[in-house]
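Inside the fold
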Amino acid sequence: MEWYTFGQMLMAIRMGQKAETPDGRMVMRTSTGLFWINGILKGKVVEIKDYLFSDLWRIYEDEESQQEGIGREQHEQREREMIENQYEELRWANRKR
């Protein structure tokens, strides 16, 4: 079992995967963002707050998350293309200066 800090978890979690802290707080990454899936914030977008940075997270998949993960590769490819396009636009704009 591999544990991540909050920042590492944000970099590693893929669409359709869940992450859980040792005390049972859980989030799931969907195509529209990272959402709480239990507790009083269930269904709300995860807001990055100071207290989250001291937590350890374990990433996993279950039956529910596998359903959300359908189309993961296409979604991740589209994300990569958007990032590459932004990079190329900035690079081109800086060349003109």
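Above this text sits the structure in question.
The paragraphs below set out a description of the structure included in this document. (Residues numbered from 1 in each chain as written. Predicted model: local features only at pLDDT ≥ 70, side-chain atom pairs only at ≥ 80, totals over all residues. Heavy atoms only, no water.)

Moving on, we come to the packing of aromatic side chains. A complete count under the given rule lists three aromatic pairs for this structure. Where phenylalanine 6 meets tryptophan 57, the ring centres are 6.0 Å apart and the plane angle is 50 degrees; that geometry is what we call tilted. Of the two residues, phenylalanine 6 is situated in helix 1 (residues 6–12) and tryptophan 57 in strand 5 (residues 56–60); the sequence distance between them amounts to 51 residues. With respect to burial, phenylalanine 6 and tryptophan 57 carry one shared label: buried. Grouped by ring-pair contacts, the aromatic residues Phe6, Trp36, Phe53 and Trp57 constitute a single cluster. (Phe/Tyr/Trp six-rings, centres within 6.5 Å; stacked < 30°, edge-to-face > 60°. Helix = DSSP H or I, 4+ residues; strand = E, 2+ residues; numbered from the N terminus. Buried < 20%, exposed > 50% of the residue type's maximum accessible area, 1.4 Å probe, protein only.)

Glancing now at the side chain of lysine 18. Note on placement: lysine 18 falls in strand 2 (residues 18–20). A distance of 2.8 Å separates a polar atom in the side chain of lysine 18 from a polar atom in the side chain of aspartate 62. (Polar contact = N/O pair within 3.5 Å; in protein donor to acceptor, adjacent residues only side chain to side chain.)

Moving on: the sheet that holds strand 4 (residues 33–36). Read across the open sheet, the five strands follow the order 1-5-2-3-4; overall the sheet is antiparallel. Of all the strands in the sheet, just strand 1 (3–5) and strand 4 have a single pairing partner and so form its edges. Looking at each pair of strands side by side, their axes are set apart by 35 degrees on average, direction ignored. Relative to strand 4, strand 3 (residues 26–30) runs antiparallel, the two being bridged by four bridges. When the sheet's bridge partners are listed, threonine 30 is paired in strand 4 with glycine 33. (Pairing = 2+ DSSP bridges. Axes fitted to C-alpha atoms, helices over the stretch in contact; angles between N-to-C directions.)

Here we come to helix 3 (residues 72–96). An α-helical segment advances 3.6 residues per turn. Residues three or four places apart therefore align on the same side. The first and last C-alpha atoms of helix 3 sit 37 Å apart over 25 residues, in line with the 36 Å expected at 1.5 Å per residue. All buried positions along helix 3 are accounted for by Arg72, His75 and Glu76. Against strand 3 lie the buried residues of helix 3. (Expected span 1.5 Å × (residues − 1). Contact = heavy atoms within 4.5 Å.)

Turning our attention to the nonpolar core. Counting twelve residues, the largest nonpolar core is built from Tyr4, Phe6, Met9, Ile13, Ala19, Val27, Leu34, Trp36, Val46, Leu52, Trp57 and Ile59. Sorting the residues of this core by element identifies helix 1, strand 4 and strand 5 as the ones contributing at least two each. (Core = buried A, V, L, I, M, F, W, Y, C linked by side-chain atoms within 4.5 Å.)

Moving on, we come to a nonpolar patch on the surface. A cluster of nonpolar side chains, contributed by Leu10, Ile48 and Phe53, occupies part of the molecular surface with about 290 Å² of accessible area. Mapped onto the elements of the fold, phenylalanine 53 is located in the loop between strand 4 and strand 5. (Patch = residues over 30% accessible without salt bridge, like charges linked within 9 Å, V, L, I, M, F, W, Y side chains within 5 Å. Areas by Shrake-Rupley, 256 points an atom, 1.4 Å probe, with all protein chains shown as cover. Salt bridge = Lys/Arg side-chain N within 4 Å of Asp/Glu carboxyl O.)

Right, let's get into the pattern of salt bridges. Under the criterion given, the structure shown has eleven salt bridges. Notably, a salt bridge pairs aspartate 62 with lysine 18, separated by 2.8 Å at the nearest N-O pair. Taken together, the residues span a long stretch of sequence, with aspartate 62 in the loop between strand 5 and helix 2 (63–68) and lysine 18 in strand 2 at a distance of 44 residues. For glutamate 20, the salt bridge is made with arginine 58, and the minimal N-O distance between the two is 3.1 Å. Highlighted residues: glutamate 20 in strand 2 and arginine 58 in strand 5, separated in sequence by 38 residues. Take arginine 58: its relative accessible area is 21%, and that puts it in the partly exposed class. Taken together, the shared-partner salt bridges in this structure form one network comprising Arg14, Glu73 and Glu76.

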